[in-house]
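# Analysis of the macromolecular model
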Amino acid sequence: MKILLTGGAGFIASHICDRLISEGHEVVVIDNLSTGRLELLNPRAYFYQLDLCDPAIALVFQIEKPELVIHHAAQVSVSNSQENPVFDAVNNIIGSLNLYENCRQYKVKKIIYASSAAIYGEPLYLGIDEKHPVKPLSFYGLSKYLAEIYLRYYAGLFGLKFTILRYANVYGPRQRSDGEGGVIAIFLSSLLKGEAPMIFGQGEQSRDFIYVADIVEANIQALTRAENEVLNLGTGKELSINQLYASIEALLCSQLQPVYVPERPGDIMHSYFDQRKAAELLDWKASYPLQEGLRKTIEYMS
Ligand SMILES: NC(=O)c1ccc[n+]([C@@H]2O[C@H](COP(=O)([O-])OP(=O)(O)OC[C@H]3O[C@@H](n4cnc5c(N)ncnc54)[C@H](O)[C@@H]3O)[C@@H](O)[C@H]2O)c1
């Protein structure tokens, strides 16, 4: 199948790109390389360095005629979104809208959209299922959600089929380790440099950490399943930052103690997903044990 993949030079979608190509699909990537890197891009993908808002993406649809679109390109920084909500909205809402409009014009069969746990805001109960109220705490969460709503309008008004995948905290090789990366990449990067990482608050806050290969597998299953469905993708388990740190410390045989600093205002205390709907509709389960995912990430970063 010919698949258009947005954000294919970034962390998660570059892994999806590799898997699609290894399964014999033709992959066309659109990425503006704002956070993506050319070295992550599979050389067998057809690459267009373009911003999602660029009207020239119509030419990509015209030339390539993709059957299906997997949409991962986004401004992904929560702090950037708070500092510059307009930039966030242009990338995540207007960029998505320009993409959907081309999907409509060029009669794309289906779009898979990567959304986020950030749309839920402070959890009212755990594990968070798809019926949990949506009340994002950041402009990033809001823009990711509004792009979902636009997609549902495109489905309702024009019959564009979709699967919305809401990701928990994804980690793995290729994730950025600067301030905007995930906590695992940040911890590993510090420890591998022999520096003590910072932990905000007491470290008892917990998250649902899912390995990138499990996310890739869910996207592969969604190519042919879960039409017009919204699914939470997580492990269904919570892990505290202290527990995470202890696992990493043990794997690296490090003696470095973390530095505890005051908690960040607005940080959520606990969050994990109920993954049962995704398990049922995608015939899928997050299957990578944490130790194995961490080991692979360490291997990549060393
Ligand atoms: N990493 C996570 O834990 C996580 C969790 C939930 C949801 N997500 C979602 O998954 C997707 C991928 O995230 P990631 O962690 O791989 O981030 P990433 O920054 O590595 O990847 C995003 C890619 O999109 C490209 N891009 C950004 N804005 C663009 C634009 N306007 N036009 C074209 N290309 C653009 C970037 O250059 C980059 O290659 C995002 O949609 C994000 O919201 C990620």
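Conventions we followed
- Residues numbered from 1 in each chain as written.
- Predicted model: local features only at pLDDT ≥ 70, side-chain atom pairs only at ≥ 80, totals over all residues.
- Heavy atoms only, no water.
- UniProt positions renumbered as here; feature names shortened; annotations may be inferred.
- Helix = DSSP H or I, 4+ residues; strand = E, 2+ residues; numbered from the N terminus.
- Rg over C-alpha atoms; globule rule 2.2 N^0.38 Å.
- Buried < 20%, exposed > 50% of the residue type's maximum accessible area, 1.4 Å probe, protein only.
- Contact = heavy atoms within 4.5 Å.
- Areas by Shrake-Rupley, 256 points an atom, 1.4 Å probe, with all protein chains shown as cover.
- Lys, Arg positive; Asp, Glu negative; His and termini not counted.
- Charge placed at Lys NZ, Arg CZ, Asp CG, Glu CD.
- Polar contact = N/O pair within 3.5 Å; in protein donor to acceptor, adjacent residues only side chain to side chain.
- Core = buried A, V, L, I, M, F, W, Y, C linked by side-chain atoms within 4.5 Å.
- Axes fitted to C-alpha atoms, helices over the stretch in contact; angles between N-to-C directions.
- Parallel < 35°, antiparallel > 145°, perpendicular 65-115°, else oblique.
- Left-handed = near helix turned anticlockwise from the far one by under 90°.
- Nonpolar A, V, L, I, M, F, W, Y, C, P; charged D, E, K, R; others polar.
- Near = heavy atom within 4 Å.
- Patch = residues over 30% accessible without salt bridge, like charges linked within 9 Å, V, L, I, M, F, W, Y side chains within 5 Å.
- Salt bridge = Lys/Arg side-chain N within 4 Å of Asp/Glu carboxyl O.

- You'll find the chain entered in an unreviewed UniProt entry as UDP-glucose 4-epimerase, with Syntrophomonas wolfei subsp. wolfei given as the organism.
- Checking UniProt for the chain, the heading Sequence similarities (unreviewed entry) contains the comment "Belongs to the NAD(P)-dependent epimerase/dehydratase family."

### Here we look at the overall build of the chain
- The helix and strand inventory of the chain stands at 10 helices and 13 strands.
- Taken over C-alpha atoms, the radius of gyration comes to 19 Å for the chain, in line with the 19 Å a tight globule of 302 residues would show.
- Projecting the C-alpha coordinates of the chain onto the three principal axes gives extents of approximately 55 × 40 × 40 Å.
- Within the chain, the fraction of its 302 residues that count as buried is 52%.
- A separation threshold of at least 6 residues defines the contact pool for the chain, and within that pool the share at least 24 residues apart is 77%.
- With the model as given, the accessible surface of the chain reaches about 13,800 Å², and the carbon-plus-sulfur share is 53%.
- Averaging the locations of the 27 positively and 34 negatively charged side chains of the chain gives two centres separated by 5 Å.

### Details of the side chain of Glu64
- Structurally, the position occupied by Glu64 is in helix α2 (residues 57-64).
- Classification of Glu64 by relative accessible area gives buried; the value is 10%.
- In this structure the side chain of Glu64 is engaged in a polar contact, spanning 2.7 Å, whose partner is the side chain of Lys2.
- Residues contacting Glu64, with those up to four places away along its chain left out, are Lys2, Val28, Tyr46 and Tyr48.

### Comments concerning the nonpolar core
- Of all hydrophobic cores here, the largest spans 56 residues; its most connected members are Ile70, Leu233 and Leu282.
- Tallying contributions element by element places helix α1 (residues 11-22) first for this core, with 7 residues.
- For Leu233, the contacting residues outside a window of four places in its chain are Leu165, Arg166, Tyr167, Ala168, Ile210, Ile215, Ala218, Phe273, Ala278, Leu282 and Trp284.
- Core analysis: the next-biggest nonpolar cluster, separate from the first, contains 24 residues, Val69, Val108, Ala147 and Ile164 among them.

### Observations concerning the packing of α2 against helix α4 (residues 85-105)
- At a closest axis distance of 10 Å, the pairing of α2 and α4 adopts a crossing angle of 30°. Judged on the interaxial angle alone, α4 and α2 are roughly parallel. Crossing hand, α2 versus α4: right-handed. Contacts from Ile57, Ala58 and Phe61 of α2 reach α4 at Asn98, Leu99, Asn102 and Cys103.
- Considering only residue class, the contact of α2 with α4 consists of 5 nonpolar, 2 polar and no charged.

### As for the site of the ligand
- Taken together, 28 residues form the shell around the ligand, and within it Asp31, Thr35, Asn91, Tyr140 and Lys144 come nearest.
- At 2.9 Å from a nitrogen atom of the ligand is found a main-chain nitrogen or oxygen belonging to Leu52.
- Relative to its free-state accessible area of 820 Å², the ligand is covered by the protein chains to the extent of 93%.
- Elements that contribute at least two residues to the shell around the ligand include exactly α1, β5 (110-116), α5 (139-158) and β7 (169-171).
- A per-element tally of the shell around the ligand places β5 first, with 3 residues.
- Of the residues assigned to the shell around the ligand, the class counts are 14 nonpolar, 11 polar and 3 charged.

### Section: the packing of α1 against helix α7 (residues 212-222)
- As a packed pair, α1 and α7 sit with axes 9 Å apart at the nearest point and diverge in direction by 55°. Taken together, the axes of α1 and α7 are oblique relative to one another. The way α1 lies across α7 gives a crossing that is right-handed. For the pair formed by α1 and α7, the contact residues are Phe11, Ile12, His15, Ile16, Arg19 and Leu20 on the first element and Val212, Ile215, Val216, Glu217, Asn219 and Ile220 on the second.
- By residue class, the composition of the contact of α1 with α7 is 8 nonpolar, 2 polar and 2 charged.

### Examining a nonpolar patch on the surface
- Side chains of Phe139, Leu142, Leu146 and Tyr150 sit close together on the surface and give an oily, nonpolar patch of about 320 Å² of accessible area.
- As for its placement among the helices and strands, Tyr150 is situated in helix α5.
- Residue class for Tyr150 comes out partly exposed when judged on its relative accessible area of 36%.

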